[in-house]
Amino acid sequence: MAEAVLELKGIRAGYGSVEVLHEVDLSLRRGSVLAVLGSNGAGKSTLLRVAAGLHPLGSGSVLLDGRRVANWSPDRLARHGLCLIPEGRGVFPRLTVRENLWMSTHLGVTRATAEEIAFARFPRLGERRDQMAGTLSGGEQQMLALARAVIVRPKVLLVDELSMGLAPQLVDSLYDSVRAIAADGVSVLVVEQFARAVLGMADRAAIMVSGRVVHQGTPAEVEEHLSSAYLGG
Ligand SMILES: Nc1ncnc2c1ncn2[C@@H]1O[C@H](COP(=O)(O)OP(=O)(O)O)[C@@H](O)[C@H]1O
Ligand SMILES: [Mg+2]
């Protein structure tokens with residue numbers, strides 16, 4: 001098995017004639033957490049959407065477990081273990097917590113197992129199982145988004161800015177959950193505007209500026225370049 005579970009090589013992508021990703025190279029090592037930092041508009045969400053098959057790849061290649069998967073559909077990628085938690089709250093607001101969890105059962109997990117996995121990891125969700133997701137707090141909605149992702153036992157989890165609009169303390173506890181999910185063997189690629197939120201829990205980090213990766217390394221190495229690269233520290 002390849003050491004890298006997900007490889008993005010020379011990725012170019014954009015909107016219409018405007019290119020926003022310029023030859024991005026990133027490699028996610030098996031069983032690790034990679035944090036990609038960048039300010040608003042750097043291209044982080046576009047990159048994750050390309051990796052998840054939700055946005056067309058201009059050129060370059062995407063390898064999942066050493067296999068070329070560029071132009072695969074999001075469903076096919078999901079069946080092969082790639083799961084994206086999109087920016088914002090990745091939940092259905094007008095469904096209850098349990099119904100949201102059931103939406104993840106199409107990949108062969110029973111409803112009972114889905115609830116078991118979710119409530120074991122996030123007891124708070126168990127207490128609110130019959131509450132409409134839209135009435136949960138922002139942090140609880142992100143827990144639900146994470147729970148929906150772990151139910152399918154993904155190989156690779158792509159996480160887009162869990163911190164969005166949440167208090168720092170809550171963000172720390174959500175990323176503690178991400179770290180715990182990684183400890184169970186899931187490889188995680190997280191993109192974040194706020195370096196503070198993720199550098200402490202990442203194994204590797206990268207800084208993206210205007211659609212280019214400008215630094216890569218250990219969190220400590222990357223932290224040294226943060227203030228010069230962008231004001232997200
Ligand atoms: N739907 C869209 N149509 C046109 N341009 C877009 C669209 N979405 C994003 N962009 C542009 O692409 C660039 C990267 O955006 P995005 O990937 O959302 O960055 P980030 O997630 O780092 O904030 C920005 O310049 C943004 O304005
Ligand atoms: Mg974004």
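Scope of this entry: the structure provided in the associated data block. (Residues numbered from 1 in each chain as written. Chains lettered and ligands numbered in written order. Predicted model: local features only at pLDDT ≥ 70, side-chain atom pairs only at ≥ 80, totals over all residues.)

### Describing the pairing of strand E10 (residues 212-217)
Right, so step 1: The pairing of strand E9 (residues 204-209) with E10 spans five bridges and is antiparallel. Bridging across to E10, Ala 206 finds its partner in Gln 216.
Right, so step 2: Between the end of E9 and the start of E10, which pair antiparallel, lie two residues, with Ser 210 showing a positive phi angle near 45°. (Pairing = 2+ DSSP bridges. Helix = DSSP H or I, 4+ residues; strand = E, 2+ residues; numbered from the N terminus.)

### Re the site of ligand 1
Right, so step 1: Residues in close proximity to ligand 1 include Tyr 15, Val 20, Gly 38, Asn 40, Gly 41, Ala 42, Gly 43, Lys 44, Ser 45 and Thr 46, which together make up its full environment.
Right, so step 2: For the shell around ligand 1, the element with the most residues is helix H1 (residues 44-51), which contributes three residues.
Right, so step 3: Residues that form the shell around ligand 1 fall into these classes: three nonpolar, six polar and one charged. (Near = placed C-beta within 6 Å. Nonpolar A, V, L, I, M, F, W, Y, C, P; charged D, E, K, R; others polar.)

### So, the sheet that holds strand E5 (residues 67-68)
Right, so step 1: The sheet built from four strands is open, its strands ordered E2-E1-E4-E5 with antiparallel pairing. Both edges of this open sheet fall to strand E2 (18-29) and E5, since each of them pairs with a single strand only.
Right, so step 2: Bridge count for strand E1 (residues 4-15) against E2 is eight bridges, and the pairing is antiparallel. Residue pairing in the sheet places Ile 11 in a bridge with Val 24 of E2.

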